[in-house]
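Structure at a glance
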Amino acid sequence: GIPTFVCPEEGPGAPAAAFLGGGCGQLGCGRISGRPESDQHFLVGVLGKMAADPMKFCPSYKWGQTSTHVVVTLDVGETCIESHSVTPEGHVEVCGDKPGKSPFQLILELAAPVNVEKTVIKMNPRSVQFKFLKSSVGDTWKTLQQSNLPRPTQEKKDFDFYVNSDGEESASSSDKDSDEEDDPELKSSLAGLDPKTRKEYRTFLKESKKNPPTGPVDKRVAAAPREALFGPFPDPDEWDWTYFLVCLAHLYMAPYNKVEESFNLQAMHDLLYQPTSLSNYDHLEFSGVVPRTFLGAIVNALLAAPLVLPLAATHAPRVIGLLLTRAALAALTTAGLACFRFQLGRRCGYHVSVAFACVCAAQFHGPYYASRTLPNTYAAALVNVALSYWLQDRLRPACALLTIAGVIFRSEVVLIFIPIVAYAAASGNLGFKDGMNLIGLCCAVGVGALALTVGVDSIFWRRPLWPEGEVLYFNTILNKSGNYGTMSIHWYFSSAIPRAMLGPLFLLPTGLYFNKTLRPFFLQMVAFVCLYSLLPHKELRFISYAIPVFNAVAAQELVRLFKMRNSKDKMPRMYFRAAITLMAFTIFASFSFLRMSAKNYPGGEALTQLHAMEDWNVTRGLRPYVHIDGAAAQQGVSRFLEMPPHWRYSKKEGQHDMLAYTHLVSENATVPGFTAVIGISGVDFTALLDVARGARPSRDV
């Protein structure tokens, strides 16, 4: 049990002298004689800042130290952890739920400050290890917690480190069993156990090997803990692969592109199929309303090049290159989301990370846009990595990545800074000196990113250029983005976010009420959406960076309801069934959206069917010359669909002699001198409400 401490002094602001009371039973939570209930101070193992939950127990733990680090190991597995937090002052709080026991809570007030950004948390099947970097490297801690606090009975010594809890040298490594050194799995199994239990467990394993069981064996074992593959990127698990496969399914059903995606797609085509012919690049002839950076297309093309270039050398259809380049972007997006999910699992527990993957895969917009060559997609990959650092309370790398994404890809990412930094300052986690250092770091990183994008893009655009700077000037200063449509100030909350989240949206209220771990992160993202709502031109992709945080809250609530599925009370079971119904509705709605979206690229469909129709004539010597008008070019046609050298193409605009062409891909139903042979209908979503009045919600190309 947890020892309960009460402060006997009268009135608020009483001294922090603590007295042991209550023995080893449950936490005392009754009224203290002679004192109003609001003035009672309960401490869990240490002088706590809030009343402890009487229904929670404290797990056993051990601690040790080196010259640079303090290591605390909890005797609970990774699947038991629901939340944890560490502050620079040394306040540590870990909450969770251990099967077969009531929920647990551990609160520690460390003896000295620690470096939060350098804290390493290692999740094991049977233990969780916190490795804190000492603020004063070289100091030896005599106690784990502050000297005025008694040592709880749950605290044990850790002999795996050079100095134990009393500041004395620990047992030498020669005392360890050689089998443990040779068997990493055995070493992981023994983590978190005291020396006596370790010895008994090793003896049991040796006896088991000598006399193996003859009957059936239960082969179900705990999953191996996830580790970082490199940097912030984790070793992908089956749920990362599941999300990636869902993205590929969306890509397969809707392989063509819209005009917003055309720049990066055409740039990748030119980089892969004619890298040295800069004068023939598509952007020099069709530059678009505002210039865009080539950096995203360059990285994307490099990822796809090992597969695309061998196919190009064999003159394989270029449409295969289209699928491969977009699949590479889907992999990049999945990797960024995996970083966020990895840290979400460390902060809220493994089950929450699994539920998060299920929620994201069930929705439509996330997997659909994961392979779309939009600037927002490239920015989202960086933002998700930044948010993974944010979940670790590591503001410096998080803000650095947000700066890079804002300077190079999408300037609106900078708006995420405001609520993040404001909350850190208001909560006391970011002092004035640290804040100034953070601003200096972001400025330095911003200058480097600016130099990179200006240097690269000035070469491709053949003039000094900061692409995102011109976009910012066009959208914000000139406010010309409003020419492409404006929405009401509440549109993101009343339309965009509900469409993006679908069923999990209804889990947010109870998720925020019952689970406080992600509440600050959620509110900061809501503040970001509110700031962006001030701009009149609105699109869902502009605030898509907030959706993973909203999904995380929904996933946490889904796990809570899952744990209550077998409750004796009727209402928890009904809530869980309602949540499953919402997920089923989300999958059905997402599939319906995907089917409709796949029909919304008539230009690409028409050109593909034209190639198939004239394939036999081309083999007999026909050399088609195809004109593609603006509507077709904006609805699915790209250079990846072209089939040189036998086919020639033109996107020449304005009045000119159309009889010079053998084929037309046009939005016009009739063209003098030509006969319509193929008709493709594309769904016009804005006209769906007119169907009841007899209007045709489509256009023939």
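Rules and cut-offs
Residues numbered from 1 in each chain as written. Predicted model: local features only at pLDDT ≥ 70, side-chain atom pairs only at ≥ 80, totals over all residues. Heavy atoms only, no water. Helix = DSSP H or I, 4+ residues; strand = E, 2+ residues; numbered from the N terminus. Contact = heavy atoms within 4.5 Å. Buried < 20%, exposed > 50% of the residue type's maximum accessible area, 1.4 Å probe, protein only. Pairing = 2+ DSSP bridges. Axes fitted to C-alpha atoms, helices over the stretch in contact; angles between N-to-C directions. Expected span 1.5 Å × (residues − 1). Core = buried A, V, L, I, M, F, W, Y, C linked by side-chain atoms within 4.5 Å. Phe/Tyr/Trp six-rings, centres within 6.5 Å; stacked < 30°, edge-to-face > 60°.

Another point: the environment of Phe263. Along the polypeptide, Phe263 turns up in helix 5 (residues 262-273). Residues Phe263 and Phe286 lie 23 residues apart in sequence; the distance between their C-alpha atoms is 8.9 Å.

It is worth spelling out the environment of Thr334 at this point. By secondary structure assignment, the location of Thr334 is in helix 8 (residues 318-348). In sequence terms Thr334 and Asn384 are 50 residues apart; their C-alpha atoms lie 9.6 Å from each other. Not counting chain neighbours up to four residues away, the residues in contact with Thr334 comprise Asp240, Tyr243, Phe244 and Cys247.

With that settled, consider the environment of Ile121. Here Ile121 is to be found in strand 9 (residues 114-123). On the accessibility criterion, Ile121 (11% relative accessible area) is buried. For the pair Ile121 and Arg346, spaced 225 residues apart in the sequence, the C-alpha separation amounts to 7.7 Å. What Ile121 contacts, discounting residues up to four positions off in sequence, is His84, Val128, Gln129, Phe130 and Arg346.

Right, let's get into the sheet that holds strand 4 (residues 61-65). Hydrogen bonding along the main chain pairs the strands of a sheet, whether they run parallel or antiparallel. Sheet architecture is open: five strands sit in the order 9-10-5-4-11, paired in mixed fashion. Each end of this open sheet is capped by a strand with a single partner; those strands are strand 9 and strand 11 (155-157). Sheet twist, expressed as the mean angle between neighbouring strand axes with direction ignored, is 25°. Two elements, strand 9 and strand 10 (residues 128-134), share six bridges in a ladder whose sense is antiparallel.

Here we come to helix 19 (residues 547-563). The terminal C-alpha atoms of helix 19, which comprises 17 residues, lie 25 Å apart, in line with the 24 Å expected from a rise of 1.5 Å per residue. Most of helix 19 sits out of view: 15 of its 17 residues are buried.

This next bit is on the sheet that holds strand 15 (residues 648-650). The strand order across the open sheet built from three strands is 15-14-16, with neighbouring strands paired in parallel fashion. Bordering the open sheet on either side are strand 15 and strand 16 (663-665), each of which pairs with just one other strand. The average angle at which neighbouring strand axes cross in this sheet is 25°, direction not considered. For strand 14 (residues 625-628) and strand 16, the ladder comprises three bridges, and the chain directions are parallel. Looking at strand 16, one finds that His627 is bridged to Leu664. Its contacts with the sheet put helix 21 (residues 602-613) on strand 14, strand 15 and strand 16, and the angle it makes with strand 16 is roughly 155°.

Further remarks concern the nonpolar core. Counting 122 residues, the largest nonpolar core has Leu344, Trp390, Ile416, Met525, Phe528, Phe550 and Leu607 as its most contacted members. Setting aside chain neighbours within four positions, we find Phe550 in contact with Ile497, Met501, Leu508, Phe522, Met525, Val526 and Val529. Counting residues in each nonpolar core, the second largest holds 26 residues, with Val70, Phe104, Ile121 and Phe132 among its members.

Applying the stated criterion to the full structure yields 24 aromatic pairs. For the ring pair Trp241 and Phe244, a centre distance of 6.2 Å and an interplane angle of 75° mean the geometry is edge-to-face. Residue Trp241 and its partner Phe244 are both found in helix 4 (residues 238-253); the two are separated by three residues, about one turn of the helix. Taking relative accessible area as the criterion, Trp241 reaches 48% and is therefore assigned partly exposed. Seen from their ring centres, Phe263 and Phe294 are 5.2 Å apart, and the 80° between their planes marks the pair as edge-to-face.

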